[in-house]
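These are the residues of each chain, in order.
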Amino acid sequence: MAIVTAQRLITIERHIAEQEHLHPHATGEFSRLLRDLMLAFRLIAREVSRAGLNDILGLTGTTNVYGEAVRKLDAYAHEVIIRAMEYGGHVCAIASEESEGLIPLANGRPRGKYLLLFDPLDGSSNIDVNAPIGTIFSIYRRKHPDPSAEVTETELLRPGSEQVAAGYVCYGSSVTLVYSTGNGVDVFTYDPTLGEFFLTIEKLRIPRRGKQYSVNEGNAKRWAPEVRQYVDYLKTPSEDKRRPYALRYIGTAVADVHRALHYGGIFMYPADSANPSGKLRLLYEANPLAFLVEQAGGRASDGYRRILDILPESLRQCTPVFLGSPDDVAEAEAFLQRRHPWQQGVTEPHLQRSQ
Ligand code: P6P
């Protein structure tokens, strides 16, 4: 992992162009799709930075497909991404967490070979209190033999392992773009005075293990006993001082995963009695975040299997998520699968030897 000083002046445009040269058969269409997305992110970043000033806080008065109140910034981000994709003409289908099914693309515009799924504004309940929020995107290449055939919803039900790119923008104290095309994870920081995303971390690598865990402990009474045991384990001081872990929870998956990517540790949204399949959406949140975590050397699981191997059955499907440092996620899986020594009452020294 290399911290890149802005003096190298590698903008996202230069980076995309350099990545394109790595693929001799590239037509440039994928690069143009990414550039269209970056335009949308600049527009969203501008509105987020002015949210308190331009009457864009608050609710639209509508609800999304999950019955959640849609906030104005949600709606703005949703529209901007759709319009950027329609104009660019490099996608043949788009689907948003905020909408039901495929989003019809305007007639008369060219259609490309890519499928885009996105969460326009992740963590929108944090908008009105100036806490970090994010945009998440996931890109697949269409596999249908007949490019002229109408795209059907089932074509988007692809395992996350088939993503050709995924990323997020975290609108926090600074605006950060984190994305991967399968060749590691690169981090860009936005300079609003120039409207440029500058490469600031090249090939980000997540620590093998961290000292922070991120989960909504308010759900603890509704978790399975194995999840409670794992979190109790993290909170129990250990002889090697590795535990207790610190709890950090923002309530925006993008921000909680962004911290785990940098500091290590684990972000989790387990299943609970109110959300038996977890809360995070597989296609719009879990898959792109899992893709990035794995590309950074981390591990991404639903507690039992690799998230990127899950074959989706519906666009709105949810999944439990355990994302982060490989050793931390493997330890969480051991608890969920009831094979961790601590669950058999093994004391610390044996525990350390067995890990
Ligand atoms: P809770 C945001 O609404 C979101 O989908 C994720 O970004 C976040 O991790 C989770 O929900 C927070 O859920 O139940 O802790 O408020």
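Computed from a prediction, not measured in an experiment: that's the story for all the values here. Residue positions within a chain follow its written sequence, with the count starting from 1. Where local features are concerned, this predicted model is filtered to residues with pLDDT of at least 70; where side-chain atom pairs are given and counted, the filter is 80 or more; whole-chain, interface and lining totals use all residues. Note that the side-chain values use all heavy atoms of the structure and ignore hydrogens as well as water.

Engineer: Residues and numbers for the site of the ligand, please.
Structural biologist: We define proximity as follows: a residue is near a molecule or strand when any one of its heavy atoms falls within 4 Å of that partner. Lining the immediate environment of the ligand, one finds Asp122, Gly123, Asn216, Tyr249, Gly251, Thr252, Ala253, Phe267, Tyr269, Lys279, Leu280 and Glu285. By the criterion applied in these results, polar contacts are pairs of N or O atoms within 3.5 Å in which, for protein atoms, one can donate a hydrogen and the other can accept it, and in which residues neighboring in sequence qualify only through two side-chain atoms. Asparagine 216 places a side-chain nitrogen or oxygen 2.9 Å from an oxygen atom of the ligand. Contact distances for the ligand include 2.7 Å between an oxygen atom and a side-chain N or O atom of tyrosine 269. Computed with a 1.4 Å probe, the accessible areas rest on the Shrake-Rupley method; for each residue, only the protein chains presented here act as cover. Protein chains shield 82% of the accessible area of the ligand, which is 400 Å² for the free molecule. Of the two site types, the cavity is a set of points on a 1 Å grid over the protein atoms alone where a 1.4 Å probe fits but cannot get out, and the pocket is an open set with protein on both sides within 12 Å along at least five of seven lines, each lined by residues with an atom within 4 Å of a point. Assignment to a cavity or pocket requires that more than half of a molecule's atoms be within 2 Å of the site's grid points. One can see that the ligand is located within the largest pocket.

Engineer: I'd like a description of the sheet that holds strand E16 (residues 321-324), backed by residues and values.
Structural biologist: Strand pairing follows a simple DSSP-based rule, namely that at least 2 bridges must link the two strands. Labels follow the DSSP assignment, with helices taken as runs of H or I lasting at least four residues and strands as runs of E lasting at least two, numbered in each case from the N terminus. Pairing in this open sheet of five strands is mixed, and the strands run E13-E12-E14-E16-E15 from one edge to the other. Only two strands of the sheet have a single partner each, and these edge strands are strand E13 (246-247) and strand E15 (299-301). As judged from the three bridges shared by E15 and E16, these two strands associate in the antiparallel manner. Across the sheet, arginine 299 pairs through a bridge with glycine 324, a residue of E16. Most of the contacts of helix H4 (residues 225-235) go to strand E14 (residues 266-269), to which it runs at about 150°, and overall it touches strand E12 (212-214) and E14. Two residues qualify as a contact provided that any one of their heavy atoms is within 4.5 Å of a heavy atom in the partner residue. As a rule, the C-alpha atoms of each element are fitted with a line to give its axis, helices using only the stretch in contact, and angles between N-to-C directions run from 0 to 180 degrees.

Engineer: A description of the pairing of strand E9 (residues 175-180) should follow, citing residues and the corresponding values.
Structural biologist: With respect to burial, E9 is a largely interior element, six of its six residues being buried. Burial classes: relative accessible area under 20% of the type maximum marks a residue as buried, over 50% as exposed, and values in between as partly exposed (1.4 Å probe, protein chains only). Residues of E9 alternate between two faces, with Val175, Leu177 and Tyr179 on one and Thr176, Val178 and Ser180 on the opposite face, all of them buried. The pairing of strand E8 (residues 165-171) with E9 spans six bridges and is antiparallel. Residue pairing for E9: tyrosine 168 is matched across the bridge by valine 178. Counting the residues between successive antiparallel strands, the hairpin from E8 to E9 contains three residues. In this sheet, strand E10 (residues 186-191) lies alongside E9 in antiparallel orientation, the contact comprising four bridges. Bridging from a neighbouring strand, threonine 176 pairs with threonine 189 of E10. Between E9 and E10, which pair antiparallel in sequence order, lie five residues; one of them, glycine 182, sits at a positive phi of approximately 95°.

Engineer: Explain the side chain of aspartate 119 to me, using residue names and the numbers behind them.
Structural biologist: Here aspartate 119 is to be found in strand E6 (residues 114-122). Contacts of aspartate 119, omitting those with residues within four sequence positions, involve Glu97, Gly134, Thr135, Ile136, Tyr284 and Glu285.

Engineer: Pulling in residues and values, what's your account of the domain arrangement of the protein chain?
Structural biologist: Split by domain assignment, the protein chain resolves into domain 1 (12-201) and domain 2 (212-354). Here domain 1 and domain 2 have C-alpha centroids that lie 26 Å from each other. At the junction of the two partners, domain 1 supplies 46 residues and domain 2 supplies 30 residues. By convention, the term buried area covers the 1.4 Å-probe accessible surface removed from two parts as they join, with the contributions of both added. Interface area lost by domain 1 to domain 2 is led by Tyr66, Leu157 and Tyr168, which between them contribute 20%. A carboxyl oxygen of Asp or Glu within 4 Å of a side-chain nitrogen of Lys or Arg is what we treat as a salt bridge. Summed over the shared surface of domain 1 and domain 2, the result is two salt bridges. Note that glutamate 97 and arginine 281 form a salt bridge whose closest N and O atoms lie 2.9 Å from each other. At the boundary of domain 1 and domain 2, one finds 13 residue pairs in polar contact (both at pLDDT 80 or more). Of all elements in the fold, only strand E4 (91-96), E6, strand E7 (133-141), E8 and E9 reach the threshold of two or more residues within the side of domain 1 that touches domain 2. For this classification, the nonpolar set comprises Ala, Val, Leu, Ile, Met, Phe, Trp, Tyr, Cys and Pro, the charged set comprises Asp, Glu, Lys and Arg, and every other residue, Gly included, is treated as polar. The residue makeup of the side of domain 1 that touches domain 2, split by class, is 23 nonpolar, 16 polar and seven charged. Bear in mind that the domain bounds are from an automatic or database domain assignment.

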